[in-house]
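# Residue-level structure breakdown
Residue strings, one per chain:
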Amino acid sequence: LIPLLESLIHGDRALKIIIPEANQAEASLLPHDRVFVAKHLSEVIQCIFKTGSLVPIKEAPPVEFKTLNSKNSFDSILGQAYPKRALVLSLAGNHPLLFEGPPGSGKTFISLSANSLLPVLSPDENLEVSRIYSFFGESLSNRSCVPFRAPHHSISAAAFLGGGNGKVVPGELSLAHKGLLFLDELPEFRRDAIEGLREPLETGEIHLHRIGQSVRLPADFSLLAAMNPCPCGFFGSQTRACQCSPEAIRHYRKKISGPILDRFPIYLWLESFQSKDRSLGFSHQKAQELVQKVRDFLKAQRLLRASYDQVLCFFSDQSKQSLENLKEKNILSFRKTVNLMRLSLTIALLDSREKVQLSDLEESYSLMSPRSLL
């Protein structure tokens, strides 16, 4: 409906555009004095013969933060103060996050609480998202105000990235546009699907090439992923012995390539809940406020995908010197260095500082995956 309305409004061919009442929420994203709502076909007939009138479409009301039940909020998580902080950092700065740990350590539970922390979409973002969902015939009133996608690991590469025979259909990456994509059991996904994350994580778009056509689809999302350390799930666990052979462990962990691992600037090992105190770490409300505040700053300064030079101006002299020391030792690639800098800036903003200090850089470095430093 959204693309059709846009073509009719901007085409100046229709004097009046009449839509069903059921599509009012979706059409309200494009308020115009030529768009009217009809509850019944008889109202359209009366309008044509000028025996009645129709109600013009109204602008969509502002959307407030979603309130989820207690099972999906930070306040329901027992302890895990630092994983909560890592999740807030990930969402605030749009940094991909990978949780690793044995079954029952809380990887999925903590990740699912993230959906309620994302800021509501701006009118322009809402329109972008609605264009995608309108392609599938899904109206605004039938879905969450912020997209949340959690595809099963058995999904095909075409359904994940987009594609299909003949007409190109948006995939899960595009359906998560301006929202959250959660990949549970990351190594179990198809290799070509996982490798397809490279481009959208860098540019926020995905290019699909099919016979006779090349299509560019939006795919700008926050990425969370979770994985077990081995097939049985207990390699490295302090509570239970692993039953896997060394070869099985190596084969399982090699499913995540180095280039993909490099695109996760936040990595955290989760063992088990260390405390039953729900008050540890951020509260649900505080986490929402911090994510909103940091994102607003980064958007205003155009820093969500900032370059090396853009981020460097926010570094203190001491943190710049420490960064130079890392570069001289050739510890990090250029991509890892930029990701480290972006994450350091997010840490500083989260703690109400607009200059990156040495402690911010150190915390950012500590969050990198040990495997990505090899």
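Each remark here, short or long, concerns the structure printed above.
Attention in this report is confined to the structure presented alongside it. Just so we're clear, the structure is a prediction, and the values are computed from it rather than from any experiment. In this numbering scheme, every chain counts its residues from 1 along its sequence in written order. For this predicted model, a pLDDT threshold of at least 70 governs which residues receive local features, and a threshold of 80 or more governs which side-chain atom pairs are given and counted, while totals over whole chains, interfaces and linings are taken from all residues. As a rule here, side-chain values come from all non-hydrogen atoms in the structure, and water together with hydrogens is ignored.

### Regarding helix α17 (residues 358–366)
Throughout, exposure labels follow a simple rule: accessible area from a 1.4 Å probe, protein chains only, divided by the maximum for the residue type, with under 20% read as buried, over 50% as exposed, and the rest as partly exposed. For helices the rule is a DSSP run of H or I covering at least 4 residues; for strands it is a run of E covering at least 2, with both sets numbered from the N terminus onward. Of the positions making up α17, those classed as buried are Asp360, Leu361, Glu363 and Ser364. Along α17, the residues classed as buried sweep out an arc of 165° about the axis, all on the same side. Check the buried side of α17 and you find it contacts α4 (81–93), α15 (317–328) and α16 (334–350). Directions drawn from the helix axis to the C-beta atoms are what define this arc. The criterion used for residue contact is that any of the two residues' heavy atoms lie within 4.5 Å.

### Remarks on the nonpolar core
Note on terminology: a nonpolar core comprises buried Ala, Val, Leu, Ile, Met, Phe, Trp, Tyr and Cys residues joined through side-chain atoms within 4.5 Å. Grouped together as the largest cluster of nonpolar side chains are 56 residues, with contacts concentrated most on Phe74, Val88, Leu91 and Leu345. When residues of this core are assigned to their parent elements, the largest contribution, nine residues, is made by α16. With residues near it in sequence (within four places) discarded, Leu91 still touches Ala114, Leu117, Leu118, Leu180, Ser222, Val291 and Arg295. In terms of nonpolar packing, the next biggest core, distinct from the first, is built from 29 residues, Leu98, Leu173, Leu197 and Ile206 among them.

### Remarks on the pattern of salt bridges
Any Lys or Arg side-chain nitrogen located within 4 Å of an Asp or Glu carboxyl oxygen qualifies as a salt bridge. One pass over the full model with this rule turns up 18 salt bridges. Its salt-bridge partner being Arg149, residue Glu172 comes within 2.8 Å of it at the nearest N-O pair. Of this pair, Glu172 sits in helix α8 (residues 172–175) while Arg149 sits in strand β5 (residues 148–149); the two residues are 23 residues apart in sequence, bridging distant segments of the chain. Looking at Glu172, the relative accessible area reads 12%, which means it is buried. Residue Arg149 is classed as partly exposed on the basis of its relative accessible area, which comes to 23%. A salt bridge links Glu195 to Arg191; the nearest nitrogen and oxygen atoms lie 3.3 Å apart. With Glu195 and Arg191 both in helix α9 (residues 191–195) and four residues apart, this pair spans about one turn of that helix. With relative accessibility at 19%, the residue Glu195 sits in the buried group. Residue classification places Arg191 among the partly exposed residues on the basis of a relative accessible area of 45%. Salt bridges linked by common partners bring Arg85, Asp351, Arg353, Asp360 and Glu363 together as one network.

From the geometry alone we can't say anything about function, so treat these as descriptive.
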